[in-house]
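# Structural description and commentary
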Amino acid sequence: MPSIGDILEGNRICICAGSGGVGKTTTSAAIALGMAARGHKVCVLTIDPAKRLADSLGLEELGNEASRVDPALFAEQGIEVESGGELWAMMLDAKETFDALVARHAEDAAARDRVLNNRIYQQISGALAGSQEYMAMEKLFELHSEGRFDLLVLDTPPSRNALDFLDAPTRLTQFIEGKSLQIFIKPTGFAAKVAGRGAGVVISVLKRIVGFDLLADLSEFFTAFSGMIDGFQDRAHRVSDLLSDDQTCFVIVTGSQGDSVEEAVFFHSKLIENGMHFGGAIVNRVRYRLTTKIPKVKALTKSLESELEDADLAHEVAKNFCEYDVLALRDERSIKALRESLGDEPVIRVPYLDTDVHDIAGLNQINEYLFADEASRIDLATGS
Amino acid sequence: MPVREIGFNGLILEFLEKRILFVTGKGGVGKSTVAIALGIRAALEGKRVIVVEVASTENASRVFRQAEVGFKEVEMANDLWAISIDPEDSMKEYVLLQLKVKAMRDLLFRSRMFTYLAAATPGLNELVTIGKIWELALPERKLKHGRRYDLVIVDAPATGHGISFLQSPRTFANIARVGPIHSQASQLQAMINDHRQTGSVIVTLPEEMPVNETANLEAELTGDVDVAVDRIIMNALYPDRYSAKDLKAIKRLKKSDDPEIRAAGRAAISQATRTESQREQLERLKSLVSAPVSTLPFIFTPEIDLSAARRLAEEIS
């Protein structure tokens, strides 16, 4: 079973995907740190890192541009960095990226300002479904084109659905094209055909329900965008191409519970369907089984009693272990199911550590698992 | 009318007296389970309650999937009703209630206009979803023969999306300055900002990142979004099992010849370490937020299901 280092060999982009709350941000940061220590110039793009993690990376003032993590911080933790290794990080600002994109595609300052000052644009540029996902990719594309880094690690936004990420470029351009709205503005020709017979009546009914004012405002918004559609489309195609590039690798991050694993399996099948390059799955917070037999509270209490000389405590420790083992068994089962669904693809387990990870030392601890082979991982986790 | 049996003798939770409760929090903290547990608790306290899932939240909850809850009010457990709100269905229902002429409605439905309108109007899905929540909470339902509920509990979208979800009425009231959407949106906004009738519960975990996010979320909710935060529930707390003296004894277990005893000692130490950091996070949370904080225990079962939610229901304080 390969390590994350083996998986990322020869790749320029690593996209960490998965549902919310599975440890994507921490995993992305750990991967970036590990690859930097191995002599690569790496930049991690994150959305909203824990304050303490950002602090520990010395990245308090982090904005929409990449900044370098001070190498002295690695030395403090006893992390050796091979020559050429650098860790950079940046926090994505979806709205700022969107604004910059508008500025790039606008014909002139007036066209740019028409969009930036549009009331609807201001309401949606940060909140439009898919816009955060798209802006993350947009930034990724920009950094990739600059060619400053050996590897870019993207921590994907916590979207409702991990799949939102895959079709975000298409959805955003379709939205900006405003095709769907043309029906309301000009209910003739093609639009009328789509709408079916009696489109005129339908529109007038709709206007009554929705309000003409809103339709007119939307129309103004799309008109403001109209000059930029070609630029946006072209860019979105290139961003899409980058996602399926040979040197782009998706890593699915998941928890060890049944539903989390089910979602990872589903996401994997979608990646394959969309022709993306899948590197492997990382299962976080795994409770490894510490014995092979299933413990029984009564028997274990008895054998603990002689060691602890305290019946109540013996019972508590026995119960504690049995409860742990129930969860460890569940993790074992769901990981087995994951392995079966993924075929020969790598599955890397990271144990449920005794403490939260929110600093470089913690990331380095995770990397002992991410960058080890399977046998050493098990030894480390079970303490054998 | 038959007298309702009140099956709960414990503390009555005053925030369950509200009409609408939004349960929110970071992804993966157990939001859906807590929403259902709150529903069970309110039902135990004798309330007619419905738990609402917003379709396509981060994870469609297991319990909802197992009970096959769709866009129709169904009884999920005794006295506990549930519905999964689909924006498209809500939109249709909205139009149904607005247009009395059947021929007109049929024309609209056939034309796929809604799909187009929703695609062209960002946030419209959220708006109609909140509209449906409002309708469920009305003492006199708009829907013919609609059941009357005392309390609507909403399993709201996770943090980031949750904020824009709750803000969608205001966004719309601003975008559409006049007209029917403007007045509808203003009405929904007034409902969301009515601290007497509407409130929220933030669910979190005893860990660094969720605690930080909860503090930010509370500030946003009580600030710009203007939604009352009634409770912050710290979920999945380990039991505080061992004294310092106990731990000393447990540490000696690693010298045992029996691998099972060594393993048991290791599991105990690991949990004790976690428990300690959990208590720190609990204290940190309390120092960071203004709403009352209560806790729920970790449930040691492979998957969290309806029976786990039942156990939690009685623990909520």
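Residues numbered from 1 in each chain as written. Chains lettered and ligands numbered in written order. Predicted model: local features only at pLDDT ≥ 70, side-chain atom pairs only at ≥ 80, totals over all residues.

When you go through chain A residue by residue, the secondary structure sums to 19 helices and eight strands. Here chain A holds 384 residues, and 47% of them are scored as buried. (Helix = DSSP H or I, 4+ residues; strand = E, 2+ residues; numbered from the N terminus. Buried ≥ 20, exposed ≤ 12 C-beta atoms within 10 Å, placed from the backbone.)

Two modes of strand pairing occur in sheets, parallel and antiparallel, and in both the strands are linked by backbone hydrogen bonds. Residues and elements named next belong to chain B. Reading across the sheet, the eight strands line up as E3-E4-E2-E5-E1-E6-E7-E8 and stay open at both edges, with mixed pairing between neighbours. The sheet is open, and its two edges are formed by strand E3 (74-77) and strand E8 (293-297), each paired on a single side. Each neighbouring strand pair of the sheet contributes to a mean axis angle of 30°, computed without reference to strand direction. This element, helix H1 (residues 31-44), spans strand E1 (20-24), strand E2 (49-54), E3, strand E4 (80-85), strand E5 (151-155), strand E6 (198-204) and strand E7 (229-237) of the sheet and lies at about 170° to E5. (Pairing = 2+ DSSP bridges. Axes fitted to C-alpha atoms, helices over the stretch in contact; angles between N-to-C directions. Contact = placed C-beta atoms within 7 Å.)

Note on strand geometry: in a regular strand, side chains alternate between the two faces of the sheet. All names here are of chain B. Among the five residues that make up E1, five are buried, leaving the element largely enclosed by the rest of the structure. Relative to E6, E1 runs parallel, the two sharing five bridges. The partner of threonine 24 across the bridge, within E6, is isoleucine 202. Direction of pairing for E1 relative to E5: parallel, over a ladder of four bridges.

Let us look at the sheet that holds strand E1 (residues 13-17) of chain A. Residue and element names in this part refer to chain A. Taken in spatial order, the eight strands line up as E3-E4-E2-E5-E1-E6-E7-E8 in an open sheet, and their pairing is mixed. For this open sheet the edge positions go to strand E3 (67-68) and strand E8 (347-351), each flanked by a neighbour on one side alone. In terms of strand pairing, E3 meets strand E4 (residues 86-91) through two bridges, oriented antiparallel. Bridge pairing in E4 links arginine 68 to tryptophan 88.

Our next topic: helix H18 (residues 360-370) of chain A. Residues A:Ile360, A:Gly362, A:Leu363, A:Ile366, A:Asn367, A:Tyr369 and A:Leu370 constitute the buried set of H18(A). The buried residues of H18(A) occupy one face: seen down the axis, they fall within an arc of 160°. (Arc of directions from axis to C-beta.)

Turning our attention to the environment of B:Ile83. All names here are of chain B. Tracing the sequence through the fold places isoleucine 83 in strand E4. Classification of isoleucine 83 as buried rests on a count of 22 C-beta atoms within 10 Å. Each C-alpha atom of the pair isoleucine 83 and glutamate 68 lies 9.7 Å from the other, and the pair is 15 residues apart in sequence. If we skip the residues at most four places from it in the chain, isoleucine 83 touches Ile50, Val52, Val69, Phe71, Lys72 and Glu73.

What follows covers the nonpolar core. With 164 residues, the main nonpolar core has B:Val23, B:Val52, B:Val152, B:Ile153 and B:Val154 as its most contacted residues. Broken down by element, the residue count for this core peaks at nine residues, all from H1(B). Those residues in contact with B:Val52 that lie beyond four places of it in its chain are B:Ile83, B:Ile85, B:Ile133, B:Leu136, B:Val152, B:Ile153, B:Val154 and B:Asp155. Core analysis: the second largest hydrophobic core is formed by 21 residues, A:Leu313, A:Phe321, B:Ala249 and B:Ile261 among them. (Core = buried A, V, L, I, M, F, W, Y, C linked by C-beta atoms within 7 Å.)

Residues and elements named next belong to chain A. With five of six residues buried, strand E2 (residues 41-46) lies mostly within the body of the structure. Sheet topology places E2 next to E4; six bridges connect them, and they run parallel. If you follow valine 44 over to E4, its bridge partner there is alanine 89. In this structure, E2 lies alongside strand E5 (residues 151-155), joined through four bridges in parallel fashion. Bridged to valine 42 within E5 is leucine 151.

A few words on unusual backbone geometry. With a phi angle near 65°, B:Asp79 is a residue other than glycine that sits in the positive phi range. Its location among the elements puts B:Asp79 in the loop between E3 and E4.

Let us now look at the packing of helix H16 (residues 297-308) of chain A against helix H17 (residues 311-342) of chain A. Residues and elements named next belong to chain A. Relative orientation of the contacting elements H16 and H17 amounts to 135°, with a least axis distance of 8 Å. Judged on the interaxial angle alone, H17 and H16 are oblique. In this structure, H16 crosses over H17, and the sense of that crossing is right-handed. Between H16 and H17, the contacting residues are Val297, Leu300, Thr301, Leu304, Glu305 and Leu308 on the first element and Ala311, Leu313, Ala314, His315, Val317, Ala318, Lys319, Phe321 and Cys322 on the second. (Parallel < 35°, antiparallel > 145°, perpendicular 65-115°, else oblique. Left-handed = near helix turned anticlockwise from the far one by under 90°.)

Before going further, it helps to spend a moment on the confidence of the model for chain B. Residues and elements named next belong to chain B. Here chain B averages 87 in pLDDT, while 89% of its residues score no lower than 70. Overall, residues 1-5 carries pLDDT values under 50, and its contacts beyond four positions in sequence, including any with other chains, amount to one contact. Across the assembled chains, the prediction reports ipTM 0.88 with pTM 0.89. (pLDDT = per-residue confidence, 0-100.)

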